[in-house]
Number of protein chains: 6
Amino acid sequence: MAAENTGAGPMLVVSAHAGDFVWRAGGAIALSASRGERVKVVCLSYGERGESAKAWREGKKLEEIKQIRRAEAEAAAAELGAEIEFFDAGDYPLVESPELVDRLVRVYREVEPAVVLTHTLADPYNADHPAAARMALQARILAQAIGYDAPGDPLGAPPVFFFEPHQPEQCDFRPDVLLDITEVFDRKRKAMECLPAQVHMWDYYTDLARRRGVQLKRNAGPNLGLPHTTMAEAFVRLYPQTTTVLA
Amino acid sequence: MAAENTGAGPMLVVSAHAGDFVWRAGGAIALSASRGERVKVVCLSYGERGESAKAWREGKKLEEIKQIRRAEAEAAAAELGAEIEFFDAGDYPLVESPELVDRLVRVYREVEPAVVLTHTLADPYNADHPAAARMALQARILAQAIGYDAPGDPLGAPPVFFFEPHQPEQCDFRPDVLLDITEVFDRKRKAMECLPAQVHMWDYYTDLARRRGVQLKRNAGPNLGLPHTTMAEAFVRLYPQTTTVLA
Amino acid sequence: MAAENTGAGPMLVVSAHAGDFVWRAGGAIALSASRGERVKVVCLSYGERGESAKAWREGKKLEEIKQIRRAEAEAAAAELGAEIEFFDAGDYPLVESPELVDRLVRVYREVEPAVVLTHTLADPYNADHPAAARMALQARILAQAIGYDAPGDPLGAPPVFFFEPHQPEQCDFRPDVLLDITEVFDRKRKAMECLPAQVHMWDYYTDLARRRGVQLKRNAGPNLGLPHTTMAEAFVRLYPQTTTVLA
Amino acid sequence: MAAENTGAGPMLVVSAHAGDFVWRAGGAIALSASRGERVKVVCLSYGERGESAKAWREGKKLEEIKQIRRAEAEAAAAELGAEIEFFDAGDYPLVESPELVDRLVRVYREVEPAVVLTHTLADPYNADHPAAARMALQARILAQAIGYDAPGDPLGAPPVFFFEPHQPEQCDFRPDVLLDITEVFDRKRKAMECLPAQVHMWDYYTDLARRRGVQLKRNAGPNLGLPHTTMAEAFVRLYPQTTTVLA
Amino acid sequence: MAAENTGAGPMLVVSAHAGDFVWRAGGAIALSASRGERVKVVCLSYGERGESAKAWREGKKLEEIKQIRRAEAEAAAAELGAEIEFFDAGDYPLVESPELVDRLVRVYREVEPAVVLTHTLADPYNADHPAAARMALQARILAQAIGYDAPGDPLGAPPVFFFEPHQPEQCDFRPDVLLDITEVFDRKRKAMECLPAQVHMWDYYTDLARRRGVQLKRNAGPNLGLPHTTMAEAFVRLYPQTTTVLA
Amino acid sequence: MAAENTGAGPMLVVSAHAGDFVWRAGGAIALSASRGERVKVVCLSYGERGESAKAWREGKKLEEIKQIRRAEAEAAAAELGAEIEFFDAGDYPLVESPELVDRLVRVYREVEPAVVLTHTLADPYNADHPAAARMALQARILAQAIGYDAPGDPLGAPPVFFFEPHQPEQCDFRPDVLLDITEVFDRKRKAMECLPAQVHMWDYYTDLARRRGVQLKRNAGPNLGLPHTTMAEAFVRLYPQTTTVLA
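Each value, and the rule that gives it
- Residues numbered from 1 in each chain as written.
- Chains lettered and ligands numbered in written order.
- Predicted model: local features only at pLDDT ≥ 70, side-chain atom pairs only at ≥ 80, totals over all residues.
- Heavy atoms only, no water.
- Helix = DSSP H or I, 4+ residues; strand = E, 2+ residues; numbered from the N terminus.
- Rg over C-alpha atoms; globule rule 2.2 N^0.38 Å.
- Buried < 20%, exposed > 50% of the residue type's maximum accessible area, 1.4 Å probe, protein only.
- Contact = heavy atoms within 4.5 Å.
- Areas by Shrake-Rupley, 256 points an atom, 1.4 Å probe, with all protein chains shown as cover.
- Pairing = 2+ DSSP bridges.
- Right-handed = clockwise from strand over helix to strand, strands pointing away.
- Least-squares fit on C-alpha atoms with pLDDT ≥ 70 in both.
- Buried area = accessible area lost by both parts, 1.4 Å probe.
- Salt bridge = Lys/Arg side-chain N within 4 Å of Asp/Glu carboxyl O.
- Axes fitted to C-alpha atoms, helices over the stretch in contact; angles between N-to-C directions.
- pLDDT = per-residue confidence, 0-100.
- Parallel < 35°, antiparallel > 145°, perpendicular 65-115°, else oblique.
- Left-handed = near helix turned anticlockwise from the far one by under 90°.
- Phe/Tyr/Trp six-rings, centres within 6.5 Å; stacked < 30°, edge-to-face > 60°.
- Lys NZ or Arg CZ within 6 Å of the ring centre and 35° of its normal.
- Expected span 1.5 Å × (residues − 1).

Chemist: Please explain the overall build of chain A as it appears in this structure.
Modeler: Each helix and strand counted, chain A has seven helices and eight strands in total. Computed over its C-alpha atoms, the radius of gyration of chain A comes to 18 Å, within 12% of the 18 Å expected for a compact globule of 247 residues. Expressed along its principal axes, the backbone C-alpha trace of chain A runs to roughly 55 × 50 × 35 Å. A burial count over chain A gives 66% of its 247 residues as buried. Pairs at least 24 apart in sequence give 75% of the contacts found in chain A among residues at least 6 apart. Split by element, the accessible area of chain A, about 8100 Å² in all, is 51% carbon and sulfur.

Structure follows, in C-alpha cells:
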C-alpha cells in the first residue's frame, strides 16, 4: 500500500476554450496517452468570440466559427490520443454556474481521474481562464463528497496541475514541475498544426518548449546526458506531492 | 536517458545542530538508507550553546556538552543508517565563513548527492538554521562549477528539500511534498530516543508525523487504502521538480 | 475613552458546517462564555452532504442526517455555553446569495458583536469555507452602513479572526494570535465528544491544541511559568489590532 | 499564571541612527514611560554621515556633527522619559559585526525587556535600518540561550515590533497594530522639536500620526466615542501575539 | 511606430461611488484634462447607502440622497474637466452582473480609452470597491474581443492603474507610480470642496497628497529642484509598462 | 521643473560576470547609447570560474581564461556603445566587501547615472548575482549621502531596474517594464556573437527577445501597428516610477 501517486490512471483536462489544451498541455496529454492512459478533455467553450479573431475578420458567423473551432479541436485531440467533449457554455464571458459545475462533477465521477489539469486561478488577460479553473476545482471537491447527488462513487483526491498561461509571470505562475515531453513533441507539433488560425503560435510554443527544456536540464540533477533538444512543459501544483521518495 | 530524478543515489543532509537531522528528517534518512542509498549527515555544530539547556542547567562545561551531543548524534545517525561528520563550527551564533563553505564544497564533490536536505531560509526563532541553509546552498552552487578549485568532478544539480522547522507557518514553510515514512517510523522513534535531553520532543515529533500523515492521506489521490497510522514528514522544494510523469 | 478593544462584549461565530465551530474555535467560544459574554454561533449549513460521510455510508437519508447533525451541534454549543442558529442553506456547495448575506446582516445588528470569528478566505480543500467567510465579511461591512435597510443601529467595526483550517499552510494561514485555552480545554474536549461521527478528530484536535500550546509558550515572552500542558488555538487577524499597550 | 503578555515591564528600542526612535516610536516610548516602565534606547550610530545633510552643508566636521546629534538625541530621550545609550558604531554604512551583536546581548540581559522595538527588515532606501534590525533580532535570540557567555539570566521571549519606515509600502510594512498615542502626543511633538535640523519632519510626522489615528478609529471596533483628534503609531509584529482574550 | 504608451488619448475612470474619483484620482483627472484629453468618469452608484452617513443621520430619504450625491459629483467632475455618467446600480452592496459589465463594454468601445483608472482588487473595508474593479477589468477584456457583440471596434489594450484606497497597506497597495499633480492640485482641492458632506476628507487628502509628494521627491532621481510643495497621487499598475526608454 | 524622469543622462550597469550585461541588458544599453547617452558597465568579475566551463574543459588556465573573457566583454561593450571597467573581484564566489562597495560609490559619484541596471536580489541558481545587486544598491545609497567620504557630489536618486535572470519565475522576476529594443536588436545580436564560448545562448536570447516582444505588443495599449518582429527586454523596477503622465 503506497502513498505515492504513480500517475497511472486517467487524466482529465478542463479547458476554457477549444485551443488551450493543445498549446498549454499537449505534451502532457500525449505523454499520458502514449502510456496507454485514458485522457479526457473538456472544452467549456469553443473560444468562438474571444479567440477566433481571424474568423471574425473574415466575416464568418458565430455558428460557423463554432463548427470550425470544434473540428480543429477534435483533430488536435485525436492527434494527441485524447477524447474530447464540448460543453458549449459560451465564452467572453464564460459565465460560472451551478449547472456547469454539476456537469463537471458527473465527468469526474465517470472518468475517475488520477490527474487533473486546468488553467491558473489568476490571469489578468483573460477572465475565462480563471473561471474555468474555479469550476474545475469546485467540481473536484463536490465529486469527493459521498453526499453529492450524482452517479458513481466518491472521487479520491487526484492531484491538480495548472498549465502555463501566455504571460506566466503576470499570472503568478512559478513552475513547480518541468515535464520532459521530448519523446512526444512531434505529436504536440502536429496537434498544434491542426489549429491553422493561429499559425504564429506554432513556433511560439515550440520556442517555449525548447526554453522550458533548457530549464529542465538545468534542474535535472545529475542527468547530464539529456539531449540538447530536450523539450518541456511547465506546471504548478495546487496540492502537496505525496511520495515515498524524495527526488 | 530520462529527465526524471529517481532519487537513486546518495543523500546529503546539512544540519546546523546535532539534533536537527533527527527531528526534522529522520524518516527521510531512514527511508533512503533502507533502500541501500548512502546518507551523509553534516552537523555544522553540536548545538552546544543554544540547544543544550538541560546540560547547562546541570552545570556541565562546554567541552563536556559537546562530547555528549556528539555521542548522541552518532547513536541517532547509526540508528537511521547514516554516516555523520561534525564540523564543530560553533553555534549561537553559527558564523558563516568562506572556509566552512569550502569544506562543504568538498563534501559535495566527494558524496555526489542525488538529493540534498537542509533548513529553511527563514526562521525568526533561530538564526543558525538559515545560516546553515545559506552555506549549504552556496556550496552546492560552487561545487557545480568546473573552475572551482576542489577535488572531484563538477556536481550535477541535485534537488534541494527544506525540512520542517519548529514553527512552520512563521518560517514561510508551506509543504510541497509529504513523504510517507510509515515503514521506517520505528527507526525514527528509536533515533529520537537517542537524544535523552529532549524527552518531550519524542512525543511532539511523533504527533507531528501523525498529523502530517493525516494530511498525506488527504492529498494522496485515489490511494484510499492507506493505513490509519500513516506517518509522514513534510518538505519544501527549492527548485522545480523534473519528471516524465505528472503525479 | 480608550482605543483598546477589550474583547468585552458578544462574540459572533459564522461557521459553514455544523461541526466547524467546535474543532476550530471551541476554546475561544468557551473562554468567552466563561467570562459571561454572549456567544452566538451561526451554522450556514449542517454539513449534511460534505461532512457526514459516515452517515451516508450507513445509508441514512438527507433529512435524517440534517437532524442528527443539528442535534449534535446543539449539544456541542450548549457544552461550550453558546447560542446556535442554523440557516439550513445547504452545503457542497454552499451557494452565496444576497438573501443569506442579508440574514447575516440582521444577526450582526441584533448581536452587536465585539468580536467575529469565521473561516479563512482561502481553502483549496473546501470551497464552502471561503464562501462562508466572504458572506460573513460582506455582511459585517453592510451592517456598518447607516443606509442599509435592516433593523437596529449601524454596527461598529468589530475585529475579525479567522480560525484554523485543517491544512493551515495550504490555506495561507500564518497565525497572528495564539489563544491560551488551557482553562477551558476540558469543555472543548467534551464539546468535541458531542460529535461522535468523527471520533478520530477528538484526538487530532487535542494534539493540535497541545502543539499550538507549545508554540504559545515559545512566544509568550517572559512568562516562563506556563504549565507544561498549555493548550492553545491559533487565529489570523483580518484587521490591525488597536491598542494602548504594545505587548 | 497567564499566557498573556501585559506589556508590563521594560521596553528596549534598537535604533540605527540618533533620530529614528523619535519619529518612528516616540509615542510608544512616551506611553510606556508614562506608565512607569523603564525604557532603554540604543542608538547604534549618530546618523552622522547619512542623516545630517544640513550640518555637512554648513561645513561642520565629523566629530562636531556626532556631538550635535548626540546632544539632540539625549534631549529627545529625556523628553520622552527614556534612557539612551550610544554605540557609536558608524553609519552609512552601519557594518554588522559579532562585537556589536554581543554588546546588544549584554543590554538584553541587563534590561530584560518585556517588549522590543526596532526597524523593519526591508528598507530599499536605507541599508542601515535592516542591518540594525538584523543585529537586534540576532542578539535577542542569543540572549535567550543559557549557553551564551554573557552576564545575567537567559532572556524570555519578548515580543518584537517593527516601527514605521519612511516609505512603508516599499518596505513591506503592513500595520498589524495601531497604537493610540493621543494622550502622550504632546511629548512626542516636543521630542521631535529637540531635533532642529529636520524641521520639516515635525509636521510630516504629526500628519502621519493623525492619519494613523484616523485608521485606528476605523478599526477600533465599537469604540465610537474616540476623539476626532486621535493620534496613532503603526507597528508590525514579528511573532504571534499570545493572549487570553481575542480583541 | 513606437511601443511606448504616451498617455495621449482619452482616460476612463470607473468608480464604485460618487466621491471616489475625486479623493483618489482627482489629480490624475485634472492633469489629463488640462492637456486637452477627454476624461470620462463612470460612477456605478451614488454611494447612497454606504457613503452618505451624514445625510442619513439628518433624516434624508434615499432618493433625495441620491440626488444630492449626483449633484455634488457632477460639480466635482466639472471642476476637474471630466464628463460623468451614473449607472445607478445601487451600493452596499454593489452587485456584479453581466448587464453592468455589458454597459461598461459599450462605454469602453465608445470612449476608446488610452488609460483606465479604477479601484484595487482587494479592500477589506469596502466590498463595493473590488466589485467595481472586477467589472471594470472584465469589461476591458471583453471590449478587446472582435467577437463580442457591441457597437464599435475592438479595444486596444489600455494600461490600467489602481488608485489609492483609504487604508493602502491593508489593501495590498504598494505604489508603482507616483504622479506629480502639483500644477493641478488647486483644482483637486476645489473639486473636493464640492463634496461638503465629508469636510474632514478635504484636509485628509490634502495631507496625503503632500505625503505622496515627499515620497515622489525621494524617488525622483536627480530632479533635485522639485519644489518643497510637490503634491502627488499614488497608483499601482496592473500590467507591465511598455516603453522605449528606461526612466 | 518636472518630476518626470526622462531617462536622459548616463546609464550605469553593474554586472557580476563578464557576459551578463550582454544577454540581459544588451538592448537597453544599445538603445541608450544610440541616443547619445553615456553608458558605463562595471563587471565585478570575469566569470572566470563559474561561467567559463568550455575553457576549463579545454584545459586553459585561470589567467588565460580571464584574459579571454575580458577581451570578449570589451568587444561586446564596444559593439553596444558602452564603456566597460573590470573590478576583477573574483567569482564563484563573488565575495561582498566594504572595499568593493566603496569602489562602486566612486563610480556612482563619477558617472552620476540617471538610470541603474543590475541583477535581481534573488537567484537560487547563482549567488554571485544577488551579491552584485546588493553591492550595487548599497553603493547607490552611500553615494547619496553628503557625509560619505568620496570625491564628487552627492548622488540624486536614480531609478534602478533589475534585468532578467535565466529562470525568471524562480527568481521572483515579474516584469514591470517591457522595453522595445527592435531598432537596436541587430547590435545586441552582434554583441552576443562576441561571446563565442556560449554559442547556444545566441539563439536562446534571440528567442527570448522575440517572446518578450510578443508580450510587449499584448500590453502596448492601442499601438496596434507594432511590427510582427518586435523584440523586447523585460525589467523589474525597485522604486516607484515618478511621472507627470499616466501611460
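Chemist: Help me understand the pairing of strand β2 (residues 39-43) of chain F, please; the structure alone is not making it clear to me.
Modeler: The side chains of a regular strand alternate, residue by residue, between the two faces of the sheet. Residues and elements named next belong to chain F. Burial runs high along β2: five of the five residues are buried. Here β2 shows two buried faces, one formed by Val-39, Val-41 and Cys-43 and the other by Lys-40 and Val-42. Of the strand pairs in this sheet, strand β1 (residues 11-15) and β2 are connected by five bridges, and their pairing is parallel. Bridging across to β2, Ser-15 finds its partner in Cys-43. Taking the sense of rotation as the criterion, the β-α-β connection linking β1, helix α1 (residues 20-34) and β2 turns out right-handed. One ladder, built from four bridges, connects β2 with strand β3 (residues 83-86); its direction is parallel. Among the inter-strand pairings, Cys-43 is bridged to a residue of β3, identified as Phe-86.

Chemist: Explain the relation of the copies chain B and chain D to me, please; I cannot follow it from the model alone.
Modeler: Between the two chain copies there is a screw-like relation: a rotation about an axis and a shift along it. Least-squares fitting of chain B to chain D yields an RMSD of 0.0 Å, with the transformation described by 0.0 Å of translation along the axis and a rotation of 120°. The superposition of one copy onto the other is thereby described by a three-fold rotation axis.

Chemist: Looking at this structure, how should I read the interface of chain B and chain D?
Modeler: A common way to express how large an interface is: the accessible area buried when the components associate. Taken together, the contact pairs twelve residues of chain B with eleven residues of chain D. Interface area, chain B with chain D, both sides summed: about 1100 Å², of which 70% is carbon and sulfur. It is Arg49(B), Tyr92(B) and Pro124(B) that lose the most area in chain B upon contact with chain D, and together they represent 43% of the buried surface on that side. Our count for the contact surface shared by chain B and chain D stands at zero salt bridges.

Chemist: Just to check I follow, could you spell out the environment of Ala30(C) for this structure?
Modeler: Residue and element names in this part refer to chain C. Within the secondary structure, Ala-30 is located in helix α1 (residues 20-34). Each C-alpha atom of the pair Ala-30 and Lys-188 lies 7.1 Å from the other, and the pair is 158 residues apart in sequence. Ignoring anything within four residues of it in the chain, the contact list for Ala-30 reads Leu-80, Val-184 and Arg-187.

Chemist: Looking at this structure, how should I read the sheet that holds strand β8 (residues 241-243) of chain B?
Modeler: The strands making up a sheet associate through hydrogen bonds between their backbones, and the pairing can be parallel or antiparallel. Reading across the sheet, the eight strands line up as β3(A)-β2(A)-β1(A)-β4(A)-β5(A)-β7(A)-β6(A)-β8(B) and stay open at both edges, with mixed pairing between neighbours. Of all strands in the sheet, those with a lone pairing partner are β3 (83-86) of chain A together with β8 of chain B, marking the two edges. Taking each pair of neighbouring strands and ignoring which way they run, the sheet shows an average axis angle of 25°. This element, helix α4 (residues 98-111) of chain A, spans β1 (11-15), β2 (39-43), β3 and β4 (115-118) of chain A of the sheet and lies at about 175° to β2(A).

Chemist: So what exactly am I meant to see when it comes to the confidence of the model for chain A here?
Modeler: As a general rule, the predicted coordinates of low-pLDDT regions are not to be interpreted in detail. Looking at chain A as a whole, the pLDDT averages 94, with 96% of positions reaching at least 70. Taken together, the chains of this predicted complex give a pTM of 0.96 and an interface ipTM of 0.94.

Chemist: Is there a simple way to think about the side chain of Lys188(A) in this case?
Modeler: Residue and element names in this part refer to chain A. You can see Lys-188 is positioned in helix α6 (residues 185-192). The exposure class of Lys-188 is buried, given its relative accessible area of 2%. Not counting residues up to four positions away in its chain, the partners in contact with Lys-188 are Val-22, Trp-23, Gly-26, Gly-27, Leu-80, Ile-181 and Glu-233.

Chemist: Which parts of the structure should I look at to understand the relation of the copies chain B and chain A?
Modeler: In screw terms, the move from chain B to chain A is a rotation of 180° and a rise of 0.0 Å along the axis, fitting with an RMSD of 0.0 Å. Both copies of the chain, as the preceding transformation shows, are related through a two-fold rotation axis. It is Asp176(B) whose C-alpha, among those of chain B, lies nearest the rotation axis, at 4.5 Å.

Chemist: Just to check I follow, could you spell out the sheet that holds strand β5 (residues 160-163) of chain F for this structure?
Modeler: Read across the open sheet, the eight strands follow the order β8(E)-β6(F)-β7(F)-β5(F)-β4(F)-β1(F)-β2(F)-β3(F); overall the sheet is mixed. The sheet terminates laterally at β8 (241-243) of chain E together with β3 of chain F, the two strands that pair on one side only. Each neighbouring strand pair of the sheet contributes to a mean axis angle of 25°, computed without reference to strand direction. As defined by bridge partners, β1(F) adjoins strand β4 (residues 115-118) of chain F across three bridges and the pair is classed as parallel. When the bridges of β4(F) are listed, Met11(F) appears paired with Val115(F). Packed onto the sheet, helix α4 (residues 98-111) of chain F meets β1, β2, β3 and β4 of chain F and runs at close to 175° relative to β2(F).

Chemist: Just checking my understanding: could you explain the packing of α4(F) against helix α5 (residues 128-144) of chain F for this structure?
Modeler: Between two packed helices, the angle of one axis relative to the other and the distance separating the axes together describe the packing. Residue and element names in this part refer to chain F. For the pair α4 and α5, the least separation of the axes is 8 Å and the interaxial angle reads 55°. Relative to α5, the element α4 lies oblique. Crossing geometry of α4 relative to α5 is assigned as right-handed. Here Leu-100, Val-101, Leu-104, Val-105, Tyr-108 and Arg-109 of α4 come into contact with α5, specifically with Met-135, Ala-136, Gln-138, Ala-139, Arg-140, Leu-142 and Ala-143.

Chemist: How should I be thinking about the pattern of salt bridges in this particular structure?
Modeler: Should their charged atoms come close, side chains of opposite charge can pair. Here the structure, examined in full by the defined rule, presents 126 salt bridges over all chains. Here Lys60(C) makes a salt bridge to Glu58(C), at a shortest N to O gap of 2.6 Å. Between Asp102(C) and Arg106(C) there is a salt bridge, with the nearest N and O atoms lying 2.8 Å from each other. Of this pair, Asp102(C) and Arg106(C) are both found in helix α4 (residues 98-111), four residues apart, which corresponds to roughly one turn of the helix. Look at Arg106(C) and you get partly exposed, because its relative accessible area is 36%. Via salt bridges that share partners, Glu164(A), Arg212(A), Glu169(F) and Arg211(F) belong to a single interconnected network.

Chemist: I would appreciate a short explanation of the packing of aromatic side chains in the present structure.
Modeler: One pair of aromatic rings is described through two measures. These are the centre distance and the angle between the planes. For the structure on display, the rule yields 30 aromatic pairs over all chains. Among the aromatic side chains, those forming a connected cluster through ring pairs are Trp23(A), Tyr204(A) and Tyr205(A). Cation over ring: Arg103(B) sits above Phe87(B), and NZ or CZ is 3.8 Å from the ring centre.

Chemist: Please clarify how unusual backbone geometry should be interpreted in this entry.
Modeler: The general pattern is negative phi for most residues beyond glycine and trans for most peptide bonds. Cis geometry is adopted by the peptide bond preceding Pro93(B), which originates at Tyr92(B) and carries an omega value of 5°. Along the chain, Pro93(B) falls in the loop between β3 (83-86) and α4 (98-111). For Tyr92(D), which is not glycine, the phi torsion reads 45° and is therefore positive. Relative to the helices and strands, Tyr92(D) resides in the loop between β3 (83-86) and α4 (98-111). For Tyr92(D), a relative accessible area of 6% translates into the label buried. Although it is not a glycine, Glu112(F) adopts a positive phi angle of roughly 50°. By the secondary structure assignment, Glu112(F) is in the loop between α4 and β4.

Chemist: Could you clarify how one ought to interpret helix α7 (residues 199-219) of chain C in this entry?
Modeler: Residue pairs three or four apart in sequence face the same way in an α-helix, which turns once every 3.6 residues. Between its terminal C-alpha atoms α7(C) stretches 31 Å, which fits the 30 Å expected from 21 residues at 1.5 Å a residue. Note on α7(C): the residue one or two positions beyond its end, Gly221(C), has a positive phi of about 60°.

Chemist: Hey, could you run me through the arrangement of the chains in this one?
Modeler: There is a gap between chain A and chain D: no contact, and a shortest C-alpha distance of 18 Å. The two partners chain B and chain E share no contact, and the minimum distance between any of their C-alpha atoms is 18 Å.

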